[in-house]
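# Structure at a glance
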Amino acid sequence: MNAPAKTDEFASAVPAGVFAEKVLSVTHYTDRLFRFTMTRPQGFRFRSGEFAMIGLMVEGKPLYRAYSIASPAWADELEFFSIKVPDGPLTSHLQNIKPGDEVLMRKKPTGTLVLDALTPGRRLYMFSTGTGVAPFASLIRDPETYEKFEEVILTHTTRDVAELKYGFDLVEEIRNDEILSEVVGDKLRHYATVTREEFPFKGRITDLIENGKLFSDLGVPPLDPVIDRGMICGSSAMLKDTKVLLEKAGLNEGANNKPAEFVIERAFVG
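Residues numbered from 1 in each chain as written. Predicted model: local features only at pLDDT ≥ 70, side-chain atom pairs only at ≥ 80, totals over all residues. Heavy atoms only, no water.

Taking an unreviewed UniProt entry as the reference, the protein is identified by name as ferredoxin--NADP(+) reductase belonging to Rhizobium tropici. One UniProt comment on the protein, placed under Cofactor (unreviewed entry), says "FAD". Recorded in UniProt under Sequence similarities (unreviewed entry), the annotation for the protein is "Belongs to the ferredoxin--NADP reductase type 1 family." (UniProt positions renumbered as here; feature names shortened; annotations may be inferred.)

Structure (structure tokens):
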């Protein structure tokens, strides 16, 4: 069953407290990754870095999964970056959506990867693997990020080079945007690595933190809890290992109600 098209039957089946929004564009990057945009509901507010519950009607019932909102809080459209899971209850259908189809979204966004959950610092690291780059796609396009930090380092690790393209497209988009490029200036740095193919930067981000190559490649000192802040989004193992390394460096984990030196998004694990 593909994503439902615009029909009166679909509209009548939309649950209460849920938005039904129109798909505007779909971009397939690889056989595993795709990006889509959809209309933004009037009055829908979120903080850059938060996620929403996205869904489709599958066999007559709404099915939802947590998806980081990849567009910044100021954007007119909502953007999402998704993996394709052949047998996934939702993504096996979501990967087939086309412009004009309808997607469900619950009305309340949430999440820990927000600027408010960090104490003031000078350098912000965004550690991501795979589609974990999505919340950072929102944050690196938000002027507030650059008001709060002098340097923003986005790390993105994937298995293959082709899977890095979304991240490179984001950075290029910023550099070609007249307003954003002026706000961002030279504050944003993009550090992309792969684990399975030859590439100028190769290896798991946790290994590159531990052996110091990340810092030598960037020309910055090792992690310092006085000035460095971190955000982590990726696989379960990556979250666990990166957390250990940041804590070893003296950084403490924070939350919306208790800001500290780093935060983790765990909504997508399991």
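The next subject is the side chain of Ser128. Along the chain, the position of Ser128 falls in strand β7 (residues 123-129). The class of Ser128 is buried, set by a relative accessible area of 0%. Of note is the side chain of Ser128, whose polar atom sits 2.7 Å from the backbone oxygen of Thr155. (Helix = DSSP H or I, 4+ residues; strand = E, 2+ residues; numbered from the N terminus. Buried < 20%, exposed > 50% of the residue type's maximum accessible area, 1.4 Å probe, protein only. Polar contact = N/O pair within 3.5 Å; in protein donor to acceptor, adjacent residues only side chain to side chain.)

Interface size is commonly expressed as the accessible surface area that is lost when the partners come together. Assigned domains within the protein: domain 1 (16-104) and domain 2 (113-264). Here the C-alpha centre of domain 2 lies 24 Å away from the C-alpha centre of domain 1. Facing 21 residues of domain 1, the contacting portion of domain 2 comprises 24 residues. Here domain 1 meets domain 2 over a buried area of about 1700 Å², counting both sides, of which 58% is carbon and sulfur. Between the two partners, domain 1 and domain 2, sit four salt bridges. The shortest N-O distance in the salt bridge between Glu163 and Arg32 comes to 2.5 Å. For the interface between domain 1 and domain 2, the tally reads 13 residue pairs in polar contact (both at pLDDT 80 or more). (Domains from an automatic or database assignment. Contact = heavy atoms within 4.5 Å. Buried area = accessible area lost by both parts, 1.4 Å probe. Salt bridge = Lys/Arg side-chain N within 4 Å of Asp/Glu carboxyl O.)

In space, the five strands of this open sheet follow the order β9-β8-β7-β10-β11, with parallel pairing throughout. Of all strands in the sheet, those with a lone pairing partner are β9 (188-194) and β11 (262-264), marking the two edges. The sheet shows a mean angle of 15° between the axes of neighbouring strands, taken without regard to direction. When strand β8 (residues 151-158) meets β9, the two strands line up parallel, connected through seven bridges. Counted as the bridge partner of Thr158 is Val194 from β9. Here helix α9 (residues 236-248) sits on the sheet in contact with β7, β10 (228-233) and β11, set at roughly 170° to β10. (Pairing = 2+ DSSP bridges. Axes fitted to C-alpha atoms, helices over the stretch in contact; angles between N-to-C directions.)

A word on the UniProt feature "domain: FAD-binding FR-type" (unreviewed entry) in the protein. Per the UniProt record, "domain: FAD-binding FR-type" (unreviewed entry) is annotated on residues 16-116. Spanning residues 16-116, this segment combines 4% helix with 46% strand, and its end C-alpha atoms are found 30 Å apart.

Throughout the structure, instances matching the rule amount to 19 salt bridges. A salt bridge links Lys213 to Asp217; the nearest nitrogen and oxygen atoms lie 2.8 Å apart. Highlighted residues: Lys213 and Asp217, both in helix α8 (residues 213-218), separated by four residues, approximately one helical turn. Among the charged side chains, a network of salt bridges with common partners joins Arg47, Glu50, Asp116, Glu144 and Lys148.

Taken over all residues, the pLDDT of the protein has a mean of 93, while the share at 70 or more is 94%. Residue range residues 1-7 is modelled with pLDDT below 50. Its contacts to residues more than four positions away, or to other chains, number 19 contacts. (pLDDT = per-residue confidence, 0-100.)

Right, let's talk about the environment of Tyr166 for a bit. Looking at the secondary structure, you find Tyr166 in helix α5 (residues 165-176). Using a relative accessible area of 1% as the deciding quantity, one classes Tyr166 as buried. The spacing of Tyr166 and Ser82 is 84 residues in sequence and 11 Å in space, taken between C-alpha atoms. Contacts of Tyr166, omitting those with residues within four sequence positions, involve Tyr29, Arg35, Ala70, Glu79, Phe81, Val133, Ala137 and Arg141.

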